[in-house]
Amino acid sequence: MSAKLTDRSQQDFGLSPEVACQVRDLNVTYRVDGRELSALREVSLDIRQGQITAVIGESGSGKSTLALALMNAVSSPGRIASGSVTYRGLGEVTRMRGEELRRVRGKAISMVFQASQNSMNPLTRIGAQLLDLARSHDLPNPRAVLREAGDLASRMSLDADRVLTSYQHQLSGGMRQRVGIIFGLVLKPKILLMDEPTTALDVLSQSSVLEIVRSIQRERQLTTVLITHDMGVVAELADRVVVLYAGRVVEEASTAELLRHPRHPYTRALIQAIPRLTGDLGDAKALEGQPPSLASVPNQGCVFRERCPYRMDVCDTILPSFRFDGDGEHRFACHYEEARRD
Ligand SMILES: Nc1ncnc2c1ncn2[C@@H]1O[C@H](COP(=O)(O)OP(=O)(O)OP(=O)(O)O)[C@@H](O)[C@H]1O
Ligand SMILES: [Mg+2]
């Protein structure tokens, strides 16, 4: 088994050199009341090596579902209905099962769960859990993991000894969230998936934790996927941004390009909701209305049309395809923008 994995670590699986993970035509469904409902539709994206890729969207847009799918960890009543998730040096994870998948998760690809709920065991001290984690991945020196965790804790302004000897319930929400990030980093993964890593933190701690994540990411050239609903967090941290609406990618660009030249009306609305990005503190506007539920996402036409100020007849019937802007690194799917440009 390990010989097989070593062989694989040298393989690129057809990915171009700057790509760490390639997602193609990913469809994920949840079974609700006997019906199979789509939570992700035809999601394709390239996650770039050594960069921070943010996935942004409102609650229910499918961000956590995407993070789980990236680890082949969608569980019943959900399933990956079709599509592929291919990592450099690992291969196609949606085809992996059992022991192979367990070895990949947590070591090569690690995940900081939303609200850090799932990474910790309430009945075991943090230090003992870290040792278990190290042993479960057959690390030759599990104690080195404790040292690494202690260093990370100090960098995140936590008292390392206190954290390692505590149970989860003895830590505040903000401390737990930082410990969740330590769990995600401690085995030195190649890919880090972070699902809303700082939502339990106040604005100041959020900023300092994001700064630390950024510096560790740079030191290690860590390929990172950052999931958030907050365009402010994206602006602070991400190299690239993927915008999700109702389970579909509607726009993708580098962060600088997306903030300067947003093309999709939904992206513009997300930016306008953050006053410090628009520069006009009196002009923050939240997007009106609610995103559709899984059962009410339209099966044809544009998924955003119900809330779109630029809705045209074509938006009701034809799904907008991606158009590319500038150097071809910026894509968006919007009939109105396409018509305006032509
Ligand atoms: N176990 C489940 N069973 C049925 N539907 C689910 C399940 N998990 C998620 N969903 C639905 O799938 C859609 C996407 O959910 P997901 O949790 O991925 O969204 P999200 O973007 O992470 O939202 P949030 O910002 O609130 O975390 C939502 O409509 C949600 O209700
Ligand atoms: Mg979520």
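Residues numbered from 1 in each chain as written. Chains lettered and ligands numbered in written order. Predicted model: local features only at pLDDT ≥ 70, side-chain atom pairs only at ≥ 80, totals over all residues. Heavy atoms only, no water.

(A) Local environment of the environment of proline 142. Mapped onto the fold, proline 142 is located in helix α5 (residues 142-155). Here proline 142 falls in the buried class, since its relative accessible area comes to 17%. For the pair proline 142 and leucine 130, spaced 12 residues apart in sequence, the C-alpha separation works out to 8.3 Å. Discounting chain neighbours no more than four positions away, the residues touching proline 142 are Leu131, Ala134 and Arg135. (Helix = DSSP H or I, 4+ residues; strand = E, 2+ residues; numbered from the N terminus. Buried < 20%, exposed > 50% of the residue type's maximum accessible area, 1.4 Å probe, protein only. Contact = heavy atoms within 4.5 Å.)

(B) Local environment of the packing of aromatic side chains. The final tally for this structure, using the stated rule, is 4 aromatic pairs. A centroid spacing of 5.0 Å and a plane angle of 85° characterise the contact between tyrosine 245 and phenylalanine 304, whose relative ring orientation is edge-to-face. Taken as a pair, tyrosine 245 in strand β9 (residues 240-245) and phenylalanine 304 in the loop between α12 (275-278) and α13 (313-317) lie far apart in primary sequence, 59 residues in all. The class of tyrosine 245 is buried, set by a relative accessible area of 2%. On the numbers, 4.3 Å between centres and 10° between planes, the contact of tyrosine 310 with tyrosine 336 is stacked. Here tyrosine 310 is found in the loop between α12 and α13, whereas its partner tyrosine 336 is found in helix α14 (residues 335-341), with 26 residues between them in sequence. Members of the aromatic cluster, connected to one another through ring pairs, are Tyr245, Tyr266 and Phe304. (Phe/Tyr/Trp six-rings, centres within 6.5 Å; stacked < 30°, edge-to-face > 60°.)

Note that all results are geometric; they support no functional claim without further evidence.
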